[in-house]
Amino acid sequence: MEGLKGLLRHVPAYVLLQRVVGADRLRYRCIDEIRPGDSVLDVGCGPAYYFPRLPQPVTYHGFDTDAPYIDWAQNRFGGENAGFHCGIFDEDAARSLPPIDVVLLLGLLHHLSDEESTQLLDLAASVLSPGGRVISVDTCFEPTQGRISRWMAENDRGEYVREPAEFEKLALQSFGEVEGEVLSDVTHVPGSYWLMRMTTPNGLTAD
Ligand SMILES: C[S@@+](CC[C@H](N)C(=O)[O-])C[C@H]1O[C@@H](n2cnc3c(N)ncnc32)[C@H](O)[C@@H]1O
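Because the structure is a prediction, the values reported are computed rather than measured.

(A) Molecular detail of the overall build of the protein. Scanning the protein from terminus to terminus reveals eight helices and seven strands. For the protein, whose C-alpha radius of gyration is 16 Å, the value lies close to the compact-globule estimate of 17 Å for 207 residues. Taken along its principal axes, the extent of the C-alpha atoms in the protein is 40 × 40 × 30 Å. Sorting the 207 residues of the protein into buried and exposed places 54% on the buried side. By element, 51% of the accessible surface of the protein is carried by carbon and sulfur atoms, the whole surface being about 10200 Å². When the 17 positive and 31 negative side-chain charges of the protein are each reduced to one mean point, those points stand 7 Å apart.

This is the structure we're talking about:
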């Protein structure tokens, strides 16, 4: 597994594996929630190989801590309305942004501890425009998954693969409305994924 994890730092290998496994199809499900004209923040964007699937026009801000991923994305997709930034998405970064309609956390929360997740979700809530939403998708454990799906979850690069209820509990600390669905028939290789939509930052009331 360590060899595979090392290989995934090589951007073309990462993108190829995403397509072979069908993880790209999970990303497209999330991107379907974006509308033309939206401002989009993508935290943990990686190489953002799914960028060409975004509806246009959008303004896009991608953040990732991995410089090769960010360089790859900036070279291909960077432009007037799309910027890729290397670093943790922190309070300074949040302050630099306009109000955001959609925050994407695609395959990120299962790499973060509960404390890191809570901090990030609070920060994501703080940048949302009125009516804005946060969309996350992560490998999960769930009771109906088969042996291959469970093996995939157990051997994921992320150290914090959780059950849906655990992801929801984290989200409810920052958002008044949280709903989600287990996707288990989207990828080519058996796998279970929790897609979660978060709206109404705590402290605000629903319309
Ligand atoms: C599984 S990858 C997902 C990349 C991309 N969103 C995708 O769906 O292909 C998770 C990414 O999160 C990045 N990451 C991990 N912790 C981070 C943090 N605290 N802030 C920003 N990015 C982070 C990693 O460098 C990695 O590229």
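That shown, we press on.
(B) Region of interest: the packing of aromatic side chains. For the coordinates displayed, the defined rule picks out nine aromatic pairs. Aromatic side chains phenylalanine 63 and phenylalanine 89 sit 5.1 Å apart centroid to centroid with 65° between the ring planes, which places their arrangement in the edge-to-face category. Taken as a pair, phenylalanine 63 in strand β2 (residues 59-64) and phenylalanine 89 in the loop between β3 (82-86) and α5 (91-95) lie far apart in primary sequence, 26 residues in all. Within the aromatic cluster, the residues linked to one another by ring pairs are Phe51, Tyr60, Trp72, Phe77 and Phe84. Positioned above the aromatic ring of tyrosine 28 is the side chain of arginine 53, whose terminal nitrogen or guanidinium carbon lies 3.8 Å from the ring centre.

(C) Representation of the pattern of salt bridges within the structure. The tally for this structure, following the rule as stated, stands at seven salt bridges. Residue arginine 95 is joined to aspartate 92 by a salt bridge in which the shortest nitrogen-to-oxygen separation is 2.6 Å. You can see arginine 95 and its partner aspartate 92 sitting in helix α5, three residues apart, about one turn around the helix. Comparing arginine 95 with aspartate 92 shows no difference in burial state: the two are exposed. Here arginine 197 ties to glutamate 181 by a salt bridge, and the two come within 2.9 Å at their closest N and O atoms. Residue arginine 197 is located in strand β7 (residues 193-201), and its partner glutamate 181 is located in strand β6 (residues 175-183); the two are separated by 16 residues in the primary sequence. Classification of glutamate 181 by relative accessible area gives partly exposed; the value is 31%. One network of salt bridges, in which partners are shared, links Glu33, Glu179, Glu181 and Arg197.

(D) Region of interest: the pairing of β2. Burial within β2 is extensive, with five of its six residues counted as buried. Pairing of strand β1 (residues 39-43) with β2, which is carried by five bridges, proceeds in the parallel orientation. Counted as the bridge partner of valine 43 is phenylalanine 63 from β2. Relative to β3, β2 runs parallel, the two being bridged by five bridges. Bridging from a neighbouring strand, glycine 62 pairs with phenylalanine 84 of β3. Following the backbone out of β2, through helix α4 (residues 67-77) and into the adjacent parallel β3, one traces a crossover that is right-handed.

(E) Examining the sheet that holds β1 more closely. Pairing is mixed across the open sheet formed by seven strands, whose spatial order is β3-β2-β1-β4-β5-β7-β6. Looking at the sheet topology across the chains shown, the edges are occupied by β3 and β6. Ignoring strand direction, the axes of neighbouring strands in this sheet form an average angle of 15°. Pairing of strand β5 (residues 128-139) with β7, which is carried by seven bridges, proceeds in the antiparallel orientation. Counterpart to arginine 133 in the pairing with β7 is threonine 199. Against the sheet, helix α6 (residues 114-127) makes contact with β1, β4 (100-106), β5, β6 and β7, and its axis sits at roughly 150° relative to β5, the strand it touches most.

(F) Seen up close, α4. Every buried residue belonging to α4 is among Tyr69, Ile70, Trp72, Ala73 and Phe77, and all of these are buried. Around the axis of α4, the buried residues are gathered within 160° of arc, so they sit on the same side. Those residues of α4 that are buried are in contact with α2 (11-21), β2 and β3. Regarding α4, its N-cap is aspartate 66, as a side-chain oxygen of that residue lies 3.2 Å from the backbone nitrogen of tyrosine 69 further along.

Scoring rules and cut-offs
- Residues numbered from 1 in each chain as written.
- Predicted model: local features only at pLDDT ≥ 70, side-chain atom pairs only at ≥ 80, totals over all residues.
- Heavy atoms only, no water.
- Helix = DSSP H or I, 4+ residues; strand = E, 2+ residues; numbered from the N terminus.
- Rg over C-alpha atoms; globule rule 2.2 N^0.38 Å.
- Buried < 20%, exposed > 50% of the residue type's maximum accessible area, 1.4 Å probe, protein only.
- Areas by Shrake-Rupley, 256 points an atom, 1.4 Å probe, with all protein chains shown as cover.
- Lys, Arg positive; Asp, Glu negative; His and termini not counted.
- Charge placed at Lys NZ, Arg CZ, Asp CG, Glu CD.
- Phe/Tyr/Trp six-rings, centres within 6.5 Å; stacked < 30°, edge-to-face > 60°.
- Lys NZ or Arg CZ within 6 Å of the ring centre and 35° of its normal.
- Salt bridge = Lys/Arg side-chain N within 4 Å of Asp/Glu carboxyl O.
- Pairing = 2+ DSSP bridges.
- Right-handed = clockwise from strand over helix to strand, strands pointing away.
- Axes fitted to C-alpha atoms, helices over the stretch in contact; angles between N-to-C directions.
- Contact = heavy atoms within 4.5 Å.
- Arc of directions from axis to C-beta.
- Polar contact = N/O pair within 3.5 Å; in protein donor to acceptor, adjacent residues only side chain to side chain.

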